[in-house]
Amino acid sequence: MERDFFDNAFDKAKSAFEVAYKKTGEVLSTEKLKFNVSTLKSKREKLFAKLGKNYFLSLENFEQLNEDDRSICDEIVQINEKIDELNNEINYAKSNRICPSCGAVIDETAVFCSKCGEKLVFDSSEE
């Protein structure tokens, strides 16, 4: 009788362990699948962004776009201009100049641009 009690308890414990093991495997499998979905969504978002950037760069003008898309493109152009302004301020603060011909960063004492060879004129307001 005592042996039946222990056998029964062992069978129940074994059954509970098997159920827990199966559930753990299901949870791990589900979490792995969710992680894979998340990874693919992230990759897709990067590709959408890249596609959008490529499309934007391929446009010669924004006239053929609808009003919403034209507005977005105009905003991108404004942001790019602001980035250029800020980068110029950074370079000026670092005592560098920008070549007026090619846009390369050049030393403030340079007479010629090291990238395009343009002769540089010193602006008396810079001194």
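Residues numbered from 1 in each chain as written. Predicted model: local features only at pLDDT ≥ 70, side-chain atom pairs only at ≥ 80, totals over all residues. Heavy atoms only, no water.

Asker: Explain the nonpolar core here, please?
Answerer: Across soluble globular proteins, nonpolar side chains show a tendency to be buried alongside one another. The biggest cluster of nonpolar side chains holds 6 residues, and these are C99, A104, I106, A110, C113 and L120. If we skip the residues at most four places from it in the chain, L120 touches R97, C99, P100, I106, A110, V111, F112 and C113. Residues F56, L59, F62 and C73 belong to the second largest nonpolar core, which totals 5 residues. (Core = buried A, V, L, I, M, F, W, Y, C linked by side-chain atoms within 4.5 Å. Buried < 20%, exposed > 50% of the residue type's maximum accessible area, 1.4 Å probe, protein only. Contact = heavy atoms within 4.5 Å.)

Asker: Is there a simple way to think about the packing of aromatic side chains in this case?
Answerer: Think of a pair of aromatic rings as described by two things: how far the centres are apart, and how the planes are tilted against each other in angle. One pass over the structure, following the stated rule, counts 1 aromatic pair. A ring pair is formed by F56 and F62, whose centres lie 5.8 Å apart and whose planes are at 25 degrees; its orientation type is stacked. Here the two residues F56 and F62 agree in accessibility, since each one is buried. (Phe/Tyr/Trp six-rings, centres within 6.5 Å; stacked < 30°, edge-to-face > 60°.)

Asker: Help me understand the environment of K22 in this model?
Answerer: By secondary structure assignment, the location of K22 is in helix α1 (residues 2–58). Considering only alpha carbons, one finds K22 and S71, 49 residues apart in sequence, at a separation of 54 Å. (Helix = DSSP H or I, 4+ residues; strand = E, 2+ residues; numbered from the N terminus.)

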